[in-house]
Amino acid sequence: MNIAGGKKVKKFLVIVESPSKAKTIEKILGKNYEVQASYGHVVDLPKSTLGIDIENGFIPKYKTIKGKGELLKKLKTKAKSSDIVYLASDLDREGEAIAWHISNYIKLPEKMKRIVFNEITATAIKNAIKKPREIDINLVDAQQTRRLLDRIVGYKISPLLWKTINRNASAGRVQSVTLKIICDLEDEIKSFVPKKYREFSVLLKNNIELKLSKIDGEKVDKIFDETFELKLPEYILATKVDIKKKTQRPPLVFKTSTMQQLAASYLGFSASKTMRIAQQLYEGLEIAGQTKGLITYMRTDSTRVSKEAQEQAAKYIEQNLGKEYVGKYFSKDKNAQDAHEGIRPSYMELEPDKISGYLSKDQNKLYNLIWRRFITSQIAAVKYDQLHIIANEANLEFSGTVNKITFDGYYKYQKSQEDIITQDLPDIKENDKLEIDKILTKDGITKAPARYTEATIIKKLETEGIGRPSTYASIIDTLLTREYVILEDKKLVPTNLGYDVKEELEEHFKNIMNIKFTANMENELDEIADGKKEWHKILKEYYNSLEKDIDKYENDINKLKELKVLTDVLDSSKKPMLLKTGIYGKYLISETNEDEKISLKGIEVPKEEIKQGYVKVKEKVEKLIEEKKGTLTDYEENGVKFYQKLGRFGAYLESENYAEDKKRLTLSPLIRAKLKKGEIKVEDGLLHISQYILKEKEENESIIKQAGLCEKCSKPFIIKKGRFGKFLACSGYPECKNIKNIKKSK
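These lines cover the structure that appears in this document, whether it is placed above or below. (Residues numbered from 1 in each chain as written. Predicted model: local features only at pLDDT ≥ 70, side-chain atom pairs only at ≥ 80, totals over all residues. Heavy atoms only, no water.)

**Side note on the overall build of the chain**
Worth spelling out the cut-off: Starting at the N terminus, helices and strands are each numbered in turn, a helix being any DSSP run of H or I of at least four residues and a strand any DSSP run of E of at least two. Buried, partly exposed and exposed residues are distinguished by accessible area as a fraction of the type maximum, computed with a 1.4 Å probe on protein chains only: under 20%, between the cut-offs, and over 50%, respectively. Throughout, a contact is declared for two residues whenever any of their heavy atoms are within 4.5 Å.
Within the chain, the regular secondary structure consists of 21 helices and 35 strands. Along the longest, intermediate and shortest principal axes, the C-alpha atoms of the chain span 95 × 85 × 70 Å. For the chain, the proportion of its 746 residues judged to be buried stands at 44%. Sequence-distant contacts in the chain: of pairs separated by 6 or more residues, those separated by 24 or more amount to 65%.

**Details of the sheet that holds strand β35 (residues 739–741)**
Applicable threshold: Strands are treated as partners if at least two bridges between them are detected by DSSP. Only the stretch in contact is used when fitting a helix axis, every axis being a line fitted to C-alpha atoms; angles between N-to-C directions are given from 0 to 180 degrees.
The three strands are arranged β33-β34-β35 in an open sheet whose pairing can be described as antiparallel. Each edge of the sheet is formed by a strand with only one pairing partner; in this case those strands are β33 (717–722) and β35. Across the sheet, the mean angle from the axis of one strand to that of its neighbour is 35°, orientation sign disregarded. With three bridges connecting them, strand β34 (residues 725–730) and β35 associate as antiparallel partners.

**Concerning the nonpolar core**
What tends to happen in soluble globular proteins is that the nonpolar side chains get buried as a cluster. Our working definition: Note on terminology: a nonpolar core comprises buried Ala, Val, Leu, Ile, Met, Phe, Trp, Tyr and Cys residues joined through side-chain atoms within 4.5 Å.
F117, I157, L281, L294, I295 and L366 are the most contacted members of the largest nonpolar core, which totals 125 residues. Sequence-distant contacts of L294, defined by excluding residues within four places in its chain, comprise L281, Y282, L285, I287, R344, P345, S346, Y347, L350, I355, L359 and Y367. In terms of nonpolar packing, the next biggest core, distinct from the first, is built from 23 residues, L212, I223, F228 and I236 among them.

**A word on the pairing of strand β22 (residues 566–570)**
Burial of β22 is one-sided: the residues T567 and V569 facing one way are buried, the residues L566, D568 and L570 facing the other way are not. Looking at chain direction, β22 and strand β23 (residues 576–582) are connected through two bridges and run antiparallel. Among the inter-strand pairings, L566 is bridged to a residue of β23, identified as L578. A loop of five residues connects β22 with β23, the two strands running antiparallel in sequence, and K574 in this loop sits at a positive phi of about 65°. Bridge count between β22 and strand β26 (residues 614–615): two bridges; the pairing is parallel. Bridge pairing in β26 links T567 to V615.

**As for the packing of aromatic side chains**
So the rule is basically this: Geometry of aromatic contacts follows a simple scheme: Phe, Tyr and Trp rings, the Trp one being its six-membered ring, pair when their centres are within 6.5 Å, and the pair is stacked under 30 degrees between planes, edge-to-face over 60, tilted otherwise. As a reminder, the over-ring test applies to NZ of lysine and CZ of arginine, requiring each to be within 6 Å of the ring centre and within 35 degrees of the ring normal.
This model, assessed by the stated rule, comprises 13 aromatic pairs. Ring geometry for Y282 and Y297: centres 5.3 Å apart, planes at 65°, overall edge-to-face. Residue Y282 is found in helix α8 (residues 271–283), and its partner Y297 is found in the loop between β16 (290–292) and α9 (307–320); the two are separated by 15 residues along the sequence. Taking the relative accessible area as the measure of exposure, Y282 reaches 1% and is therefore buried. Above the plane of the ring of Y155 lies R151, whose end atom (NZ or CZ) is 4.0 Å from the centre.

**Overview of the sheet that holds β26**
Here five strands make up an open sheet; going across it, the order is β25-β24-β23-β22-β26 and the pairing mixed. With one partner strand each, in any of the chains shown, β25 (597–599) and β26 form the two edges of the open sheet. Those strands touched by helix α18 (residues 618–629) are β22, β24 (585–589) and β25, and its axis lies near 45° from that of β22.

**Examining the environment of R304**
Short version of the rule: In protein, a polar contact means a hydrogen-donor-capable atom and an acceptor-capable atom, both N or O and within 3.5 Å, with residues adjacent in sequence counting only if both atoms are side-chain atoms; elsewhere, any N or O pair within 3.5 Å suffices.
By the secondary structure assignment, R304 is in the loop between β16 and α9. Residues R304 and M577 lie 273 residues apart in sequence; the distance between their C-alpha atoms is 64 Å. From its side chain, R304 meets the backbone oxygen of H340 in a polar contact 3.1 Å long.

**Remarks on α9**
Rule in force here: To estimate the expected span of a helix, count its residues, drop one, and scale the result by 1.5 Å. It is the directions from the helix axis to the C-beta atoms that the arc portrays.
Counted at 1.5 Å a residue, the expected span for α9 with its 14 residues is 20 Å, and the 20 Å between its end C-alpha atoms agrees. The set of residues buried in α9 consists of A309, A313, A314, Y316 and I317. For α9, the arc enclosing every buried residue in end-on projection is 165°, short of the 170-degree limit, so these residues lie on one face. For α9, exposure combined with an orientation more than 90 degrees from the buried face picks out K307, E308, K315 and Q319. Taken together, the buried residues of α9 touch α11 (361–377). Positive phi appears at G322, one or two residues downstream of α9, with a value of about 120°.

**A closer look at the packing of helix α3 (residues 93–106) against helix α5 (residues 137–164)**
Worth spelling out the cut-off: Oblique is the label for any angle not covered by the other classes, which are roughly parallel (under 35 degrees), roughly antiparallel (over 145) and roughly perpendicular (65 to 115). Amino acids outside the nonpolar list (Ala, Val, Leu, Ile, Met, Phe, Trp, Tyr, Cys, Pro) and the charged list (Asp, Glu, Lys, Arg) are all regarded as polar, and Gly is one of them.
Interhelical geometry of α3 versus α5 gives an angle of 105° and a closest axis separation of 8 Å. The angle between α3 and α5 falls in the class roughly perpendicular. Packed against α3, whose contacting residues are R93, E94, E96, A97 and W100, the element α5 presents I137, L139, V140, A142, Q143, Q144 and R146 at the interface. Looking at the contact of α3 with α5 residue by residue, the classes come out as six nonpolar, two polar and four charged.

**Considering the environment of E110**
Among the secondary structure elements, E110 is positioned in the loop between α3 and β10 (112–114). E110 sits 39 residues away from L71 along the chain, and the two C-alpha atoms are 21 Å apart.

**Focus: unusual backbone geometry**
Going from Y733 to P734, the amide bond is cis rather than trans, its omega being 10°. Residue placement: P734 occurs in the loop between β34 and β35. A positive phi angle, close to 55°, is found at D216, a residue other than glycine. In this structure, D216 sits in the loop between β12 (209–215) and β13 (218–219). For K662, which is not a glycine, the phi torsion comes out positive at approximately 55°.

Listed below in structure tokens is the structure:
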């Protein structure tokens, strides 16, 4: 028993998800509080079965996650010896569900208190301890409904896709409709036909440009009529001139989606990398001997900012820019009174420049981005006068604007590509004759829409109401991991497998592939979280509709199985080969020799041809066989020629005797880039690549010679490749683990 001054000292247990978060909070609360980590979720649905009792009201059959059994026992033991247990998992639905599962296991309801906080600071944590609440079962129900919906879709539909596509195929409630969005855009790009156009404008003597905006009262932008000519007298008449006072507000504080978008655009971070680093900043880092949580909670769709944070920002802005630059923040959040805020720094005194030495390079980049966005959001709006001019000549109308900034507002701190171009306003009045200096003609050609990047697909999902802050990164990761899409120059490109999955689902599960249906389901999950809808009812309605589609699809698969599909590819006996689908996808097989097979991986097989029982794939198969052989190069080793081939990670070289010598050569990123750009040419049937490989070998040999012998064991160095490029490593590894950076030549 703990006794202090004759009184029993109360013991408190705080349970959070991560050990780094636990470490930060324990230092804040002091010795009477013990902070333990659950390391995320402690229970989940089983991996091998559906894990849902559908007949008895969709009851989930949760299992303790492997390795969490001992942890739960430890938490229960510590809870028994504590006076109060604070469940301090994250403040979103996921966090609420974790708290609920832990509470259900410990089974000490009289001791359990739920606390939430938006930032890991002394003030926020202590305020949360003062205002504990009960677990919000509505939030738990919303999270559980999402989990069960996703499990039902994945476990009920995916096995059917295995029969028609391959074992890598799967369905996901949100990932599948995202795949459809990416594929639909790709179709649009493929079918796009560029058109030539012209844009016309006039440059006045006072250097103001007015664009041709209307012909015969109809708005025009691009003119596709090649016969159109713009003929004008020496002047045009100003028919409308007005000046308006305007303002441009600064961008709002980050929410999850905008942080991911800007981190992708400005820093080149993937969505998952952004969230991983943001989590580190939120949970706490060692700053001058103290662990500090540097930003507020990073999974949020709120742009609210607390009054205290606004006041702190106002002081900072007044000190650094002047009182007139302090802005009035306005967020359009519907739930402006909830516990969520936008993503902002937790401590105004921890400016990026002051703590950069304590952060990794990537942590510093993201922290700086979050910091500057928050300060920008709190600065006053830009003020400017806008002169709007409309001028006419016969049936033509020209228009333009001139802006003059009268107060630079947030531009003083953070400029952007969308900056208003400012200049002195000309003295123009209605009915003035505006002298033309020259007619400007701009020739152009329409461009296909750009493929989605990680940033733009997140923006699209948010616009369509698909997914939520916690899901964007995992949606993209799933599509990439399953190879439904690949990244080409940071653009998302659907693969043949991605198209196969999309088309199969679109034909048989229209609701799952319907954007509005998916967005509406997100809204219904929100209503469950608000206590407005009952989760069992939502699941039942969804499942009843899905079950009909599943039954129909199973019947279609059985019919397809019975169908004999011939192809235009002949086996060694000169007989047509049959089309089959196995666990690795579609393949051709000889009707008389089952050992004679050809994989169709990477080959698109038209579904209509399959239904008709005859498929034409001969040309595609021959092309694939040629591609697999690779391109013969001029590179040799001991008289053995090498072929250039393409693999999952790009181009590489393979020995012509690979079956015997197993020799492959990895190509450097520089050579791979040259190949991709077509800078390495094929002449006389040979890819002339050896000069580039030999040059790199010479450079590497020079680096090794310059490095000398290892200072620790006197063995020579070798060049290795790591995450951040080439480095020198001792050839005596693992006995000697000496490594050195390669000095860049001046």
